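Topology and contacts: notes
Each chain, letter by letter, is given below.
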Amino acid sequence: MKIVIACFFSMVAVVAQANELDKRQILEVNAMQRMHILVEMRALLSGTQKILHSLSEENMTAVAQHAQSLGTRMAHKTEGQLNGVLPSEFMQLGMSVHRDFDQIAMDAESLKDPKYTLGQLSKTMKKCVACHATYQIQTIYQSNAQNLKSSH
Ligand code: HEC
């Protein structure tokens with residue numbers, strides 16, 4: 001029993017320390033919402049990798065296809081679940097990334113200029129960097145998440 005209590009307190013200490021060290025704004029989400037966010041994030045990372053690979057082969061049709069899949073079409077699929085849960089600045093920043101990918105896809109198709117696309121991608125990725133520097137997510141229990149949702 002003593003060991004259990006000691007473990008509990010050391011865990012509390014670790015969580016408190018993590019909160020103190022990580023000064024980014026906390027987004028409270030439930031386990032399902034966290035999963036939706038992180039699945040989308042990993043798709044953004046792997047899609048970006050595919051765009052870079054296609055750029056290295058100067059295959060602009062493939063670039064356009066991969067960029068398209070990260071565009072606003074992707075947002076409609078995933079972000080419906082998160083509307084009203086996350087702050088609107090967060091949602092807007094996310095949406096502007098999807099719009100950038102729409103634009104990257106259109107320009108890759110029409111201009112077929114890898115260097116231009118690389119410049120666009122680099123600019124868009126500044127938004128990934130900016131958002132990650134600003135926010136962190138933390139999971140809360142379902143009942144709290146419902147309260148949070150209805151208070152928005
Ligand atoms: C509007 C905000 C926002 C934007 C824009 C954004 N992300 Fe994220 N991303 C997050 C948050 C919040 C997390 C969770 C971070 C945390 O809690 O430490 C995250 C986590 C991730 C993770 C970790 C996934 C996991 O399974 O743990 C990856 C990879 C990622 N983002 C990639 C990207 C890429 C690539 C882009 C740009 C193309 C991007 N993100 C744009 C908010 C954003």
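The name an unreviewed UniProt entry gives the protein is Cytochrome C, with Nitrosomonas marina as the organism.

With respect to the helices and strands, the residue L45 is situated in helix α2 (residues 31-56). Owing to a relative accessible area of 61%, L45 belongs among the exposed residues under this scheme. With 83 residues separating them in the primary sequence, L45 and C128 have C-alpha atoms 9.8 Å apart.

Now for the coordination of the iron atom of the ligand. Protein coordination at the iron atom of the ligand comes from M41 (SD) and H132 (NE2), with a distance range of 2.0 to 2.2 Å. Bound by six donor atoms, the iron atom of the ligand shows angles of 86 to 179° at the metal and therefore octahedral coordination geometry. Of the two residues, M41 sits in helix α2 while H132 sits in helix α6 (residues 114-134), which places them 91 residues apart along the sequence. The exposure class assigned to M41 is partly exposed, which follows from its relative accessible area of 29%.

Further remarks concern the packing of helix α3 (residues 60-69) against helix α5 (residues 88-111). One way to put it is that α3 packs onto α5 with a least axis distance of 8 Å and a crossing angle of 165°. If you check the angle between α3 and α5, you find them roughly antiparallel. The chirality of how α3 crosses α5 is left-handed. On the side of α3, the interface is formed by M60, V63, A64, A67 and Q68, while α5 contributes F101, D102, I104, A105, A108 and E109.

The rules we used
- Residues numbered from 1 in each chain as written.
- Predicted model: local features only at pLDDT ≥ 70, side-chain atom pairs only at ≥ 80, totals over all residues.
- Heavy atoms only, no water.
- Helix = DSSP H or I, 4+ residues; strand = E, 2+ residues; numbered from the N terminus.
- Buried < 20%, exposed > 50% of the residue type's maximum accessible area, 1.4 Å probe, protein only.
- Donors = N, O, S within 2.8 Å, 3.2 Å for Na, K, Ca; no water.
- Tetrahedral: all angles 85-135°; square planar, octahedral: opposite > 155°, others 65-115°.
- Axes fitted to C-alpha atoms, helices over the stretch in contact; angles between N-to-C directions.
- Parallel < 35°, antiparallel > 145°, perpendicular 65-115°, else oblique.
- Left-handed = near helix turned anticlockwise from the far one by under 90°.
- Contact = heavy atoms within 4.5 Å.

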